[in-house]
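# Reading the structure
So you can see what is in the structure, the chains are spelled out below.
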Amino acid sequence: SLWDREAVKLVKKFKVSEKSLWHIKIATYGRMSAWAHLSRLANERKSPVGYAPFARVCIKCKQPASEIERYIDKIGSLEEKFDLFVDMKDWRKAADCARTLRDGERLTAIYNQCRDPTLQRQVKDLLTKL
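For the structure given in this document, a descriptive report is provided here. Please read these numbers as outputs of a predicted model, since none were measured by experiment. (Residues numbered from 1 in each chain as written. Predicted model: local features only at pLDDT ≥ 70, side-chain atom pairs only at ≥ 80, totals over all residues. Heavy atoms only, no water.)

All right, on to the overall build of the chain then. Counting its regular elements, the chain contains nine helices and zero strands. Ordering the α and β elements of the chain from the N terminus gives α-α-α-α-α-α-α-α-α. Against the compact-globule benchmark of 14 Å for 130 residues, the chain has a radius of gyration of 18 Å, which places it well outside the compact range. For the chain, the spread of C-alpha atoms along the three principal axes comes to 60 × 25 × 20 Å. The burial tally for the chain puts 35% of its 130 residues in the buried class. Restricting to contacts in the chain with at least 6 residues of sequence separation, those with at least 24 account for 39%. (Helix = DSSP H or I, 4+ residues; strand = E, 2+ residues; numbered from the N terminus. Rg over C-alpha atoms; globule rule 2.2 N^0.38 Å. Buried < 20%, exposed > 50% of the residue type's maximum accessible area, 1.4 Å probe, protein only. Contact = heavy atoms within 4.5 Å.)

Here you go:
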């Protein structure tokens, strides 16, 4: 399309790196609520910027948890997953990551931030077992 050809010219003219271009596309698709385009971008090939930026734009734009988790599932780092689950306020999944990491600081952060007494008790039990 004409837009694609113009974009390619601009990328070459201003020497935009591949990573910068991906960040621009991710942010733009989020602002435009172009979720199908975002999904297609994530699936077309391995992302040079990882998948956290995809999840973050979905969190920022208040997309459903199922949409956000499609990108979180592609992330290998438990630390990165933990941070995204905290951003989503999905305390249970964040606690699972912290438990697997055997990370008392992260568990304590969940205990202090979540308002679910049942989860707080479970986190307290996990902390005593570390």
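Moving on, we get to the layout of surface pockets. Using a probe with the size of a water molecule, rolled over the atoms, empty space left in the structure can be pinpointed. Its volume calculated, the largest pocket comes out at about 460 Å³. Looking at the largest pocket, it is lined by 13 residues, and the ones nearest its centre are D4, A7, L21, K25 and Y29. Mapped by element, the contributors of at least two residues to the lining of the largest pocket are helix 1 (2-13) and helix 2 (18-31). The residue inventory of the lining of the largest pocket, partitioned by class, reads nine nonpolar, two polar and two charged. (1 Å grid on protein atoms, 1.4 Å probe; cavity = no way out; pocket = protein on both sides within 12 Å on 5 of 7 lines; lining within 4 Å. Points joined across faces, edges and corners; volume = space filled by probe spheres on them. Nonpolar A, V, L, I, M, F, W, Y, C, P; charged D, E, K, R; others polar.)

This paragraph deals with helix 8 (residues 104-113). Those residues of helix 8 not exposed but buried are R106, L107 and I110. Seen along its axis, helix 8 keeps its buried residues to an arc of 100°; they face one direction. Of the surrounding secondary structure, the elements contacted by the buried residues of helix 8 are helix 6 (78-88), helix 7 (91-101) and helix 9 (117-129). Put simply, D103 is the residue that caps the front of helix 8, since its side-chain oxygen is 3.0 Å from the backbone nitrogen of E105. (Arc of directions from axis to C-beta. Polar contact = N/O pair within 3.5 Å; in protein donor to acceptor, adjacent residues only side chain to side chain.)

Turning our eyes to something else, we now look at the packing of aromatic side chains. What the rule picks out here adds up to three aromatic pairs. Measuring from centroid to centroid gives 6.4 Å for W22 and F54, while their planes differ by 75°, and the two rings are edge-to-face. Note that W22 is positioned in helix 2 and F54 in helix 4 (residues 52-60), a separation of 32 residues in sequence. In terms of burial, W22 and F54 fall into one category: buried. Its guanidinium or amino end placed over the ring of Y51, K74 lies 5.2 Å from that ring's centre, counting from NZ or CZ. A cation sits over an aromatic face here: R106 above F82, 5.1 Å from the ring centre. (Phe/Tyr/Trp six-rings, centres within 6.5 Å; stacked < 30°, edge-to-face > 60°. Lys NZ or Arg CZ within 6 Å of the ring centre and 35° of its normal.)

Now for the nonpolar core. Ranked by size, the top nonpolar core spans 33 residues in total, and within it L38, F54 and I110 carry the most contacts. At the level of secondary structure, the elements contributing two or more residues to this core comprise helix 2, helix 3 (35-44), helix 4, helix 5 (65-72), helix 6, helix 7, helix 8 and helix 9. (Core = buried A, V, L, I, M, F, W, Y, C linked by side-chain atoms within 4.5 Å.)

It is at 9 Å that the axes of helix 7 and helix 8 come closest, and there the two elements cross at 160°. Taken together, helix 7 and helix 8 sit at an angle that is classed as roughly antiparallel. The handedness of the crossing between helix 7 and helix 8 is left-handed. Contact residues: W91, A94, A95, A98, R99 and L101 in helix 7; R106, L107, I110 and Q113 in helix 8. Looking at the contact of helix 7 with helix 8 residue by residue, the class counts come to seven nonpolar, one polar and two charged. (Axes fitted to C-alpha atoms, helices over the stretch in contact; angles between N-to-C directions. Parallel < 35°, antiparallel > 145°, perpendicular 65-115°, else oblique. Left-handed = near helix turned anticlockwise from the far one by under 90°.)

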